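Observations on chain architecture
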Amino acid sequence: MKHARCFLVMILFLFMLSACGPMLAEAGLGFSPVLHATRPNEQGPELRIATLTPTPTPAPTPEPVKLTATVWQAIPRVPILMYHRFDVQPGATSYAYTTSLSDFEGHLSSLYEAGYSLVSLQDWLDGKIDLPPGRRPLIITIDDLFYGDQLSLDENGEPAIYSGVGTLWHFYQNHPDFQFHLSLFYNFGDKQYANTYQNGVFLVTDGWRQARAEAIAWGIEHDAVPANHFYRHPFLNQLSPTQIEWELSENDKALREALALVGKEALAEGLPNILALPYVVWPATEAGKQVLYDYRSPEGVPVAAILEADEATNAKLLPAPFSTDFDRWHVPRINARWGAIDLIRSLKDEISAPEICKLGKFDPSHTERPKRIMEAIQARITNGRCPMGLYMVNDFIFQADSNGVTQISP
Ligand SMILES: [Zn+2]
């Protein structure tokens, strides 16, 4: 028994010695981190192999990219609402061009429930329509900015709940698929900005220019984008072409000076150039109108559209820019009262919502090749998985009908 135990110890000792072999070898090669890997019961050899012959890093294979198209079976058309001032007092009543915040919230809820989501006016004019599937497009514009009741920032730099833009911002936080895009038509030369809100009253106090500039910058950074409504809100039919030109350029200049005040003049790059006519009044002469058509922003951007407006009884929708009845010089808007909201709700079956067509996986170098995308669209239509219609894929727009797939834009 005693011999047997001794023999067992010998066997164990030999086993440990053999186990030490690789350890020493590795130590001699200087791979000290692997030493612990050969302790009994661990899988030393595999780790040793991995360490001794490091696997070269393979060249990364590009991940295939999934492409999805937004498909419209009819030409997209959008209602554009026009707001002005907001009455933030509890229990306020809306009138003419002032909307109570409770009515505004009611408008938003009502339109959201009817399936509408906001799209950006400048994107629409560029033919880019970004909507969650199944949602219908809606554009909201506000005129005559900047007033505190329209856009104020609170002490945290967030849009204040006691302003129209803030109300919309908070609605969007609770309903992200409503999206957040706004066009703000401003006149810089006819008012001060109330930067203080106390006991339900807006007041102009020291630092109002700075506060206004911060609010504007927040807007641009969050797609509540300023656009030109002429410096002093004039009747254009009473101005000479030179005066009209001055009204536009002075307004643009003042906005850029405001951005410079808060060190954010770079935000002017990329601003759209869209005009809204004060009182929906055109210049009296052709020369005056030509000033509008030819006007360029300080960054050299040509005018993308001129906005008009009407009451709900004469409401018109704006078709997508590739439609034959699109007219960029007469973009219709609807004065945003309950009648307009009810009308837009009633149109929900006429205002088409896009569908989604999954085009499959693409080699990343092929996602910018329209020919590849067109082939994928045709294949999906042929096998019945996607409908004919307008296909929007990244920045491309294609038309797919019984004649095949053609590229419309760019
Ligand atoms: Zn106006």
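This text follows the structure it describes.
Numbering of residues starts from 1 in each chain and follows the order in which that chain's sequence is written. The predicted nature of this model means local features are confined to residues of pLDDT at least 70 and side-chain atom pairs, given and counted, to a pLDDT of 80 or more, with totals for whole chains, interfaces and linings taken over all residues.

1. Description of the pairing of strand S17 (residues 389–393)
Burial analysis of S17 places five of its five residues in the buried class, the great majority of the element. Here, a strand pair is defined by DSSP locating no fewer than two bridges between the strands. Going along the chain from the N terminus, every DSSP run of H or I of four or more residues is numbered as a helix, and every run of E of two or more is numbered as a strand. Pairing of S17 with strand S18 (residues 396–401), which is carried by five bridges, proceeds in the antiparallel orientation. Among the inter-strand pairings, Val-393 is bridged to a residue of S18, identified as Phe-396. Hairpin connection from S17 to S18: two residues lie between these consecutive antiparallel strands, with Asn-394 at a positive phi of about 50 degrees. Three exposure classes are used, based on other C-beta atoms lying within 10 Å of a residue's own C-beta, which is placed from the backbone: buried for 20 or more, exposed for 12 or fewer, and partly exposed in between.

2. Points about helix H9 (residues 338–346)
Buried within H9 are the following residues: Ala-340, Ile-341 and Ile-344. The arc enclosing the buried residues of H9, seen along the axis, measures out at 100 degrees, which places them on a common side. Residues of H9 that are buried in the fold lie against strand S3 (80–83), helix H3 (101–113) and strand S15 (334–335). Taken from the helix axis, the directions to the C-beta atoms give the arc we talk about. A pair of residues counts as a contact when their C-beta atoms, built from backbone coordinates, are within 7 Å of each other.

3. What about the pairing of strand S19 (residues 404–409)?
For S18 and S19, the ladder comprises five bridges, and the chain directions are antiparallel. Paired with Gln-399 across the two strands is Thr-406, which belongs to S19.

4. Description of the packing of helix H7 (residues 241–261) against helix H8 (residues 286–294)
Note on geometry: axes are C-alpha line fits, over the in-contact stretch for helices, and angles between N-to-C directions span 0 to 180 degrees. Look at H7 against H8: their axes get within 8 Å of each other, and the N-to-C directions meet at 25 degrees. Classified by the angle their axes make, H7 and H8 are roughly parallel. Note on packing geometry: the crossing formed by H7 with H8 is right-handed. Note on element contacts: H8 touches H7 through Ala-287, Gly-288 and Val-291, opposite Pro-241, Ile-244 and Glu-245. Each residue is assigned to one of three groups, with Ala, Val, Leu, Ile, Met, Phe, Trp, Tyr, Cys and Pro labelled nonpolar, Asp, Glu, Lys and Arg labelled charged, and all others, Gly among them, labelled polar. Of the residues that constitute the contact of H7 with H8, the class distribution is four nonpolar, one polar and one charged. In these notes the angle categories are as follows: under 35 degrees is roughly parallel, over 145 is roughly antiparallel, 65 to 115 is roughly perpendicular, and the rest is oblique. Here a crossing is taken to be left-handed if its near helix is turned anticlockwise relative to the far helix by less than a right angle, and right-handed if that turn runs clockwise.

5. Comments concerning the sheet that holds strand S1 (residues 65–72)
Strand pairing in a sheet takes place through backbone hydrogen bonds and is either antiparallel or parallel in direction. The strand order across the open sheet formed by five strands is S16-S1-S17-S18-S19, and the pairing between neighbours is antiparallel. If you trace the sheet from one side to the other, it starts and ends with strand S16 (355–362) and S19, each paired once. Each strand of the sheet is rotated relative to its neighbour by a mean of 30 degrees, with strand direction disregarded. When S1 meets S17, the two strands line up antiparallel, connected through three bridges. Bridge pairing links Val-71 to Tyr-391 in S17. Set on the sheet, helix H10 (residues 370–382) makes contact with S1, S16, S17, S18 and S19; between it and S16 the angle comes to about 120 degrees.

6. Describing H10
To estimate the expected span of a helix, subtract one from its residue number and multiply by 1.5 Å. A rise of 1.5 Å per residue sets the reference length of H10, with its 13 residues, at 18 Å; its end C-alpha atoms lie 18 Å apart and thus fit the reference within 8%. Residues Ile-373, Ala-376, Ile-377, Arg-380 and Ile-381 constitute the buried set of H10. In an axial view of H10, the angular spread of the buried residues amounts to 135 degrees, which keeps them on one side of the axis. Residues of H10 that are exposed and point more than 90 degrees away from the buried face comprise Lys-371 and Thr-382. Considering only its buried residues, H10 is in contact with S1, S16, S17, S18 and S19.

7. A closer look at unusual backbone geometry
In this structure, the amide linkage connecting Leu-145 to the following residue, Phe-146, adopts the cis form with an omega of 10 degrees. Relative to the assigned elements, Phe-146 resides in the loop between strand S7 (136–145) and helix H5 (164–174). For the bond running from Ser-409 to Pro-410, omega is -5 degrees, close enough to zero to count as cis. Tracing the backbone through its elements, the reader meets Pro-410 in the segment after S19. In this structure, Ala-96 takes a positive phi of about 30 degrees despite not being glycine. Tracing the chain through its elements places Ala-96 in the loop between strand S4 (85–87) and strand S5 (98–100). At Phe-230, a residue that is not glycine, the phi angle is positive and equals roughly 75 degrees. In this fold, Phe-230 is placed in the loop between strand S11 (224–228) and H7.

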